[in-house]
Every structure is written in structure tokens, then in C-alpha cells.
Amino acid sequence: MAVKIKTKYGTIDISNNVIATVVGGAATDIYGIVGMASRNQIRDNLNDILNRENYSRGVVVRQADNGVTIEVNIIVGYGTKISEVCRNVQEKVKYNLETMLGVTTQEVTVIVQGVRVLGTD
């Protein structure tokens, strides 16, 4: 599926992979986020942090009547306030989708898949 935006010059189709990349980039820029997690770690056989090419494995994009609903799977850093980090992710994802792509966001659900201790390498 893709998001279709109609303009006076024609139709713009935005792929779900593009939306997932924008969402993943927005989420990983937030302080307290270690990285993106796979939404189905058993099937994808991934227990690690997703890199930029695999953001679509950690983001679910669903088409709604008046826009899209987004589900983001993240890993947060130990010692950060999880509720505040999640709220920041919701706000930044919604802002980036609306300003960069012109896509109306109905809902952003954040799922915390894990907590990692940083700086113990």
C-alpha cells in the first residue's frame, strides 16, 4: 500500500518504506533512544538494533480514512524516563510526517521492545 496525495498537477504516491524510513529517522534522533527494534523478533531472527536500511522492519504503517496510523518499535536507554521518551517520539514522528511528506497522522503508537544499558562496553 502507498499513500496517495492528489494535487492539481496529478497524484503523488508515497511508499510505506519511505514513510518507515522517515519515522525511523525521526525516532532515532530522540535523546534516550538506543535504536529501532524489529516488530517480530522471532520471525526476523533479529535481536539487535536495526540499522537505517531495516527501519521498515520496526515500523508498521496502516492506512486510515484521514491519514495513516503508525506503530514504532524502539529500544530505550537505561536511566531515561520511558514515558517522556515515548511522548517525544510521538510528537517528532507526527511533525516530520506532516512537514516532510504532507501526510496526516491519526495515531502514533510507541512500543518499547527493550532497555539497554549504555556505556558498559
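Computed from a predicted structure; not experimentally measured.

A. Spotlight on the overall build of the chain. From N to C terminus, the chain includes 3 helices and 6 strands. Reading the helices (α) and strands (β) of the chain from amino to carboxyl end gives β-β-α-β-α-β-β-α-β. For the chain, with 121 residues in total, the buried portion stands at 40%. Put simply, 64% of the contacts in the chain that link residues at least 6 apart link residues at least 24 apart. Of the roughly 7,400 Å² of accessible surface on the chain, a fraction of 47% belongs to carbon and sulfur atoms.

B. Examining the confidence of the model for the chain more closely. Residues with a pLDDT of 70 or more make up 85% of the chain, whose mean pLDDT is 84. Of all the helices and strands in the chain, helix α2 (residues 41-44) carries the lowest mean pLDDT, 53, while helix α3 (residues 82-101) carries the highest, 94.

C. Structural detail: the nonpolar core. Membership of the largest hydrophobic core comes to 28 residues, with the highest contact counts inside it found for I19, V23, I70, V72, I74, V93 and L97. Where this core is concerned, the elements lending two or more residues are α1 (16-28), β3 (33-36), β4 (59-64), β5 (67-77), α3 and β6 (105-116). Excluding residues within four positions of it along the chain, I70 makes contact with I19, V23, V59, V60, V61, V93, L97, T105, E107, V108 and T109.

D. Representation of the side chain of N96. Following the sequence through the fold, N96 ends up in helix α3. For N96, the contacting residues outside a window of four places in its chain are V22, A26 and L101.

E. Seen up close, α3. Between its first and last C-alpha, α3 extends 28 Å over 20 residues, near the 28 Å set by a 1.5 Å rise per residue. Within the span of α3, buried status applies to V85, C86, V89, V93, N96, L97 and L101. All buried residues of α3 lie within an arc of 100 degrees about the axis, which places them on one face of the element. Buried residues in α3 make contact with β1 (2-7), β2 (10-15), α1, β3, β5 and β6. After α3 finishes, the residue G102 shows a positive phi value of roughly 75 degrees.

F. Molecular detail of the pattern of salt bridges. Tallying each qualifying case throughout the model produces 6 salt bridges. D29 serves as the salt-bridge partner of K92, at 3.8 Å between the closest nitrogen and oxygen. Taken together, the positions of K92 in helix α3 and D29 in the loop between α1 and β3 put the pair 63 residues apart, joining distant regions of the chain. By relative accessible area, D29 is classed as exposed at 55%. One salt-bridge network, in which partners are shared between bridges, spans E84, R87 and E91.

G. Focus on the pairing of β2. Pairing of β1 with β2 involves 6 bridges; the strand directions are antiparallel. Across the sheet, K4 pairs through a bridge with D13, a residue of β2. Between the antiparallel neighbours β1 and β2 lie 2 residues.

The rules behind the values
Residues numbered from 1 in each chain as written. Predicted model: local features only at pLDDT ≥ 70, side-chain atom pairs only at ≥ 80, totals over all residues. Heavy atoms only, no water. Helix = DSSP H or I, 4+ residues; strand = E, 2+ residues; numbered from the N terminus. Buried < 20%, exposed > 50% of the residue type's maximum accessible area, 1.4 Å probe, protein only. Contact = heavy atoms within 4.5 Å. Areas by Shrake-Rupley, 256 points an atom, 1.4 Å probe, with all protein chains shown as cover. pLDDT = per-residue confidence, 0-100. Core = buried A, V, L, I, M, F, W, Y, C linked by side-chain atoms within 4.5 Å. Expected span 1.5 Å × (residues − 1). Arc of directions from axis to C-beta. Salt bridge = Lys/Arg side-chain N within 4 Å of Asp/Glu carboxyl O. Pairing = 2+ DSSP bridges.

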